[in-house]
Amino acid sequence: MPPPPPFAVEQWMDKYETTAKYNIAETCCASVSVEELASLSESKASASSILDLSAVQSYGEIRGSTAIRANLSRLYSSKAGSPLSPDNVLITPGAIAANFMVFYALIKPGDHVVCHYPTYQQLYTVPASLGAEVDLWKSKAKNKWLPDFEDLKELVKHNTKLIVLNNPQNPTGQVLPKSLLLKIVEFAESKNITVLSDEVYRPLFHGTSPMDPEFPPSILSLGYKNTIATGSMSKAYSLAGIRVGWIASRSSDIIEQCAVARDYTIISVSQLDQQVAAFALSPDVIHSLLGRNIQLAKANLELLQRFIIKHDEYCSWTKPVAGTTAFVKFERDGKAIDAEAFCKALQEKSGVMFLPGDYGFGMEFKGYVRIGYVNRTDILKDGLEELRKFMRKEYDELPLSE
Ligand SMILES: Cc1ncc(COP(=O)(O)O)c(C=O)c1O
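All values reported here derive from a predicted model rather than from experimental measurement.

Undergrad: Is there a simple way to think about a negative patch on the surface in this case?
TA: Among the surface-exposed residues, Asp-312, Glu-313, Asp-333, Asp-396 and Glu-397 lie close enough to one another that they form a single negatively charged patch. The topology assignment puts Glu-397 in the segment after helix H13 (377–393). Accessibility expressed as a relative area gives 64% for Glu-397, which makes it exposed.

Below is the structure:
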């Protein structure tokens, strides 16, 4: 099989992020050091106590350390109706490897895959590169990015193997609500289709509360066995640098298939990284770490909203309710701006980094930029100030896309 096409978002990030003065394209909650992580613990643990420096650095426990899998089992079991065994969790180097492993294990030529859209490019190009026919289940701005269940039913075929969701959704910051998730799993179960939900932005919910009847549970909590959740420490837990992610499934068969694919690709994940991850997910730390990030997301989103309201002649959006990203459309005289030219000029003249939506997510998203607003508040504040100046001085000169 030929490799998938270049991964546009990752290439843009790689090219521009090291020179950005104000990186507001970043999708991780402001990253923390191991020292900061220790200071967030309720027991005020010391950073040096997190790592077991006496442990020999063998491959370690092949499927992932007992400590981290136990923590994940606890998280997926709470409010889920039935517990998820630690044996139903595999540790991977980030969610990107988790997603890849699921596709590599489950997809073969001739399969059909339906993928929620717009989303992280990997979720539809990798299955296509493995020989699957892929259809996109499109969410649209005019429907506040909520896709239509009837459209999904029409897309599904006799050979549909997998429905791929991204919940919360990158880049829009919207969620698939509980009632829709229930319909999806009921339908998938009736057709024996597996559902993969990339939940890498869980549990960063800042515009919807667990008291809301539509608050989205994990896909693993809806009573259907053939469901898979992928996740990682990168986004909601501020620890992208340790490269720890996971695959979790209610189906032991699926876990076994993924384990075979994993044996061929990664063997195991760094023991030191897993120690940091297990510490962050422990009851001693997780609440204050998530509390920090939800507060940060709320405060920063308020700043971004103020900017958007002030510039509503040019910008429109559906305000995000979860995750770290906002998908904002920029126009002039009712026409979409050339987003790539905008992002390049903005970074060159002001040091502010955005990601062009059409470049990163598909040509139909003309005029869109993805803003990652859960970086440090001072970076966002200063970046928005520079953007304000740019809007006054340079915006009128930008080319339009149509
Ligand atoms: C939807 C989605 N899935 C997966 C990833 C990969 O994350 P990581 O490998 O850092 O866990 C990203 C990163 O941006 C993402 O947005």
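Undergrad: Sorry, what's going on with the site of the ligand here?
TA: The environment of the ligand is made up of 15 residues, and the closest members are Ala-95, Asp-198, Ser-232, Ser-234 and Lys-235. Within the side chain of Tyr-201, one N or O atom sits 2.8 Å away from an oxygen atom of the ligand. Burial of the ligand by the surrounding chains reaches 94%, relative to a free accessible area of 400 Å². Here the ligand occupies the second largest pocket. When residues in the shell around the ligand are grouped by element, the largest group, 4 residues, is from helix H4 (residues 94–106). Here the residues of the shell around the ligand are counted per class, giving 5 nonpolar, 7 polar and 3 charged.

Undergrad: Which parts of the structure should I look at to understand a nonpolar patch on the surface?
TA: Nonpolar side chains collect at one region of the surface, where Phe-100, Tyr-104, Val-260 and Tyr-264 lie side by side and expose about 450 Å² of accessible area between them. Looking at the nonpolar patch, the elements that each hand over two or more residues are H4 and helix H8 (252–265). Mapping Val-260 onto the fold places it in helix H8. Note on Val-260: relative accessible area 48%, which makes it partly exposed.

Undergrad: Mind showing me how you'd approach the pattern of salt bridges here?
TA: For side chains bearing opposite charge, pairing can occur when the charged atoms are close. Considering all chains together, one arrives at 11 salt bridges under this definition. The partner of Lys-108 in a salt bridge is Asp-111, with the nearest N and O atoms 3.1 Å apart. The class for Lys-108 is partly exposed, based on a relative accessible area of 47%. Between Arg-388 and Glu-385 there is a salt bridge, and its shortest N-O distance comes to 2.9 Å. Here the residue Arg-388 and the residue Glu-385 both occupy positions in helix H13, the gap between them amounting to 3 residues, near one helical turn.

Undergrad: How should the side chain of Ser-251 be read in this particular structure?
TA: Within the secondary structure, Ser-251 sits in the loop between strand S8 (245–249) and H8. Aside from chain neighbours lying at most four places away, what touches Ser-251 is Asn-88, Lys-225 and Asn-226.

Undergrad: Help me understand unusual backbone geometry in this model?
TA: Working note: non-glycine residues mostly have negative phi, and peptide bonds are mostly trans. For the bond running from Tyr-117 to Pro-118, omega is 0°, close enough to zero to count as cis. Among the secondary structure elements, Pro-118 is positioned in the loop between strand S3 (112–117) and helix H5 (122–129). With an omega dihedral of -5°, the bond running from Asn-167 to Pro-168 counts as a cis peptide bond. With respect to the helices and strands, the residue Pro-168 is situated in the loop between strand S5 (160–166) and helix H7 (178–191). Of note, the phi angle at Trp-145 is positive, near 65°, even though the residue is not glycine.

Undergrad: What exactly am I supposed to notice about the side chain of Asn-167 here?
TA: Tracing the sequence through the fold places Asn-167 in the loop between S5 and H7. A polar atom in the side chain of Asn-167 sits 2.7 Å from the backbone nitrogen of Leu-176. Those residues in contact with Asn-167 that sit more than four places away from it in its chain are Gln-174, Val-175, Leu-176, Leu-181, Ser-197, Asp-198, Glu-199, Arg-202 and Pro-216.

Undergrad: Teacher, can you tell me more about the layout of surface pockets here?
TA: Gaps left between atoms are located by rolling a probe of water-molecule size over the structure's atoms. By volume, the largest pocket amounts to about 960 Å³. Lining the largest pocket are 33 residues, with Ser-78, Lys-79, Arg-202, Pro-203 and Phe-215 positioned closest to its centre. Where the lining of the largest pocket is concerned, the elements lending two or more residues are helix H3 (66–77), strand S7 (227–232) and helix H10 (286–310). The dominant element in the lining of the largest pocket, judged by the number of residues it contributes, is H10, at 6 residues. The residue inventory of the lining of the largest pocket, partitioned by class, reads 16 nonpolar, 10 polar and 7 charged.

Undergrad: So what exactly am I meant to see when it comes to the environment of Tyr-224 here?
TA: One can find Tyr-224 in the loop between strand S6 (194–198) and S7. Separated by 36 residues in sequence, Tyr-224 and Ala-188 place their C-alpha atoms 8.8 Å apart. Setting aside chain neighbours within four positions, we find Tyr-224 in contact with Val-185, Ala-188, Glu-189, Asn-192, Ile-193, Thr-194, Val-195 and Arg-250. Here the side chain of Tyr-224 touches Ile-193 through a polar contact of 2.7 Å, landing on its backbone oxygen.

Undergrad: Sorry, what's going on with the nonpolar core here?
TA: Within the largest apolar cluster, 130 residues are counted, with the highest numbers of intra-cluster contacts made by Met-233, Phe-342 and Phe-354. With 11 residues, the single largest contributor to this core is H10. Residue-level mapping places this core at the junction of two domains, with at least three residues from each of domain 1 (8–34 + 287–391) and domain 2 (53–286). Among the nonpolar cores identified, the runner-up in size contains 5 residues, and Val-175, Phe-205, Phe-215 and Ala-322 belong to it.

Undergrad: Looking at this model, I keep getting lost on the packing of H4 against H5. Mind explaining?
TA: Think of two packed helices as two axes; the pair is described by the angle between the axes and how far apart they sit. Across the interface, H4 lies against H5 with an axial gap of 10 Å and an inter-helix angle of 35°. Once H4 is placed against H5, the crossing between them reads as right-handed. Here Ile-96, Asn-99, Phe-100 and Phe-103 of H4 lie close against H5, whose contacting residues are Gln-122, Leu-123, Val-126 and Pro-127. Partitioning the contact of H4 with H5 into residue classes produces 6 nonpolar, 2 polar and no charged.

Undergrad: How should the environment of Leu-290 be read in this particular structure?
TA: The residue Leu-290 is located in helix H10 in this model. Put simply, Leu-290 and Leu-51 are 239 residues apart on the chain and 21 Å apart in space, counted from C-alpha to C-alpha. For Leu-290, the contacting residues outside a window of four places in its chain are Pro-203, Ala-236 and Tyr-237.

Conventions adopted
Residues numbered from 1 in each chain as written. Predicted model: local features only at pLDDT ≥ 70, side-chain atom pairs only at ≥ 80, totals over all residues. Heavy atoms only, no water. Patch = residues over 30% accessible without salt bridge, like charges linked within 9 Å, V, L, I, M, F, W, Y side chains within 5 Å. Areas by Shrake-Rupley, 256 points an atom, 1.4 Å probe, with all protein chains shown as cover. Salt bridge = Lys/Arg side-chain N within 4 Å of Asp/Glu carboxyl O. Lys, Arg positive; Asp, Glu negative; His and termini not counted. Charge placed at Lys NZ, Arg CZ, Asp CG, Glu CD. Helix = DSSP H or I, 4+ residues; strand = E, 2+ residues; numbered from the N terminus. Buried < 20%, exposed > 50% of the residue type's maximum accessible area, 1.4 Å probe, protein only. Near = heavy atom within 4 Å. Polar contact = N/O pair within 3.5 Å; in protein donor to acceptor, adjacent residues only side chain to side chain. 1 Å grid on protein atoms, 1.4 Å probe; cavity = no way out; pocket = protein on both sides within 12 Å on 5 of 7 lines; lining within 4 Å. Sits in = over half its atoms within 2 Å of the grid points. Nonpolar A, V, L, I, M, F, W, Y, C, P; charged D, E, K, R; others polar. Contact = heavy atoms within 4.5 Å. Points joined across faces, edges and corners; volume = space filled by probe spheres on them. Core = buried A, V, L, I, M, F, W, Y, C linked by side-chain atoms within 4.5 Å. Domains from an automatic or database assignment. Axes fitted to C-alpha atoms, helices over the stretch in contact; angles between N-to-C directions. Left-handed = near helix turned anticlockwise from the far one by under 90°.

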